[in-house]
Amino acid sequence: PPADSASRNLLIDANEAEELRREFLQPQPSLPSKYFYDQTGSELFDAICELDEYYPTRTEASIMQDNIDEMVDAIGTAGRLIEYGSGSSLKTRLLLDNMYPEVAYVPVDISGDYLQQVADQLRGDFPDRRIDPIAADFTRPFQLPKQQHAQSRDVVYFPGSTIGNFRPAAASSLLSQMRNQVGRGGGLLIGFDLQKAPAVLEAAYDDRRGVTALFNLNLLRHLNRVAGANFQMEQYRHVAFYNDINHRIEMHLESTREQRVQLAGCSRTIRKGERILTEYSHKYSMDGFTRMAADSGWRRESVWTDPNEYFAVAMFRS
Ligand code: AVI
């Protein structure tokens, strides 16, 4: 079949190739944000987190630091902390150091080898803590092993304002999936970015040193490598702006000339000045987020923020 032959020699599977073609061939072309994160992209993202302008990472870390006692009490004395998209688990070390000893840690990540490596390291560093990794794509329903004790509770941990990178409908369905996973009485500890002055937001996504621009452009290089694309990186420029109707940062790559692009077995013309959408990063109000979570079956129990009210970490109960 044409789709399969077109996908031959690609380092992505047929579903991913299909998703790429679907998004790229829309009247407003877009590319899935997950392709930011190859080795180079992950390193660039780490560099973004260190930038003066990029406040979310350090603000969330300080909120955690300042309220860790209340947070571990809200998680509870027994059960599991299930982290969606755990990656290096670096930000979770504070919780691992402080949570009640009967709370197991369940990192969930799509990259199985890396997950095992991280889990081994954590077992060495936290020898008294149960570490039960699960290799899964958390954007699709996945099975958790049954809890051993009836009194134990499951709490999903979803830090980093990653929820903001999902479109509203997908964010809602992810929140519902989490609710179904933990069942009645379960918890959700989640970080989300708050609405603020557009100038602060735009600086965070278009930094002076151009690290975010490189991060955005690297997506093209990644697709050239894994998806048979022929993007000319030097013919695109990074564009990031705040859309204050939809309350989101939008990142695009704008073509500086007309060109024909091949990708995953399809091709299209990109006009001079045309933009390819690469990411949304939604910014919420406290009430707006609480309402969205409520519609997915979550009641807010506590919320912690920083003195500027730039970022929030909230605990919900189902
Ligand atoms: C991973 N995610 C929460 C980041 C964000 O802020 O939306 C990704 C990012 N994009 C550009 N800078 C950072």
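Numbers given to residues run from 1 along each chain, matching the order in which its sequence is written. Per-residue local features are limited, in this predicted model, to residues with pLDDT of at least 70; the limit for side-chain atom pairs, both in listing and counting, is 80 or more; totals at the level of whole chains, interfaces and linings are taken over all residues. Just so you know, side-chain values use all the structure's heavy atoms and leave hydrogens and water out.

- The name given to the protein in an unreviewed UniProt entry is L-histidine N(Alpha)-methyltransferase, with the source organism recorded as Rhodopirellula halodulae.

### Let's talk about the confidence of the model for the protein
So, point 1. Confidence scores labelled pLDDT are given residue by residue by the predictor and lie between 0 and 100. Looking at the protein, the pLDDT average stands at 95 and 97% of residues meet or exceed 70.
So, point 2. Overall fold confidence (pTM) sits at 0.95, and the ipTM for the predicted complex is 0.99.

### Some points on the packing of helix H3 (residues 39–49) against helix H9 (residues 211–226)
So, point 1. Whenever a helix is involved, its axis is fitted only over the stretch in contact; in every case the axis is a line through C-alpha atoms, and angles between N-to-C directions fall within 0 to 180 degrees. Runs of E in the DSSP output that reach at least two residues are strands. Runs of H or I that reach at least four are helices, and both are numbered from the N terminus. The interhelical angle for the contact between H3 and H9, taken along N-to-C directions, is 165 degrees, at an axis separation of 9 Å. Here H9 runs roughly antiparallel to H3, going by the angle between their axes. The handedness of the crossing between H3 and H9 is left-handed. Contact residues: Thr40, Gly41, Leu44, Phe45, Ala47 and Ile48 in H3; Val211, Thr212, Leu214, Phe215, Asn218 and Arg221 in H9.
So, point 2. When the residues that make up the contact of H3 with H9 are grouped by side-chain class, the tally is 7 nonpolar, 4 polar and 1 charged. Oblique is the label for every angle not falling under 35 degrees (roughly parallel), over 145 degrees (roughly antiparallel), or within 65 to 115 degrees (roughly perpendicular). The hand of a helix crossing depends on one turn: near helix anticlockwise from the far one by less than a right angle means left-handed, and clockwise means right-handed. Here, residues are in contact when the closest pair of their heavy atoms is within 4.5 Å. Under the grouping applied here, Gly and all other residues not named as nonpolar or charged are polar, the nonpolar ones being Ala, Val, Leu, Ile, Met, Phe, Trp, Tyr, Cys and Pro and the charged ones Asp, Glu, Lys and Arg.

### Brief notes about the site of the ligand
So, point 1. Neighbouring the ligand are 13 residues, the closest being Tyr54, Asn165, Tyr205, Glu279 and Ser281.
So, point 2. Tyr205 places a side-chain nitrogen or oxygen 2.5 Å from an oxygen atom of the ligand.
So, point 3. Between Glu279 and the ligand, the recorded distance is 2.6 Å, taken from a side-chain N or O atom to a nitrogen atom.
So, point 4. Computed with the Shrake-Rupley method and a 1.4 Å probe, the accessible areas treat only the protein chains shown as cover for residues. Notes on the ligand: free accessible area 340 Å², of which the protein chains cover 96%.
So, point 5. Counting only elements with at least two residues in the shell around the ligand, the list comes to H3, H9 and strand S10 (275–282).
So, point 6. Looking at the shell around the ligand residue by residue, the classes come out as 7 nonpolar, 5 polar and 1 charged. Whether a residue is near a molecule or strand depends on its heavy atoms: if one lies within 4 Å, it is near. For this analysis, a polar contact is any N or O atom pair within 3.5 Å, provided that within protein one partner can donate a hydrogen and the other can accept it, and provided that sequence-adjacent residues contribute only side-chain to side-chain pairs.

### Quick look at the pairing of S10
So, point 1. Of all 8 residues in S10, 7 are buried, a share of seventy percent or more.
So, point 2. In short, DSSP must find at least two bridges between two strands for them to pair. Where strand S7 (residues 248–255) and S10 come together, 7 bridges link them in antiparallel fashion. Note that in S10 the partner of His252 across the bridge is Leu277. Buried residues are those whose accessible area, probed at 1.4 Å on protein chains only, stays under 20% of the maximum for their type, while exposed residues exceed 50% and partly exposed ones sit between those limits.

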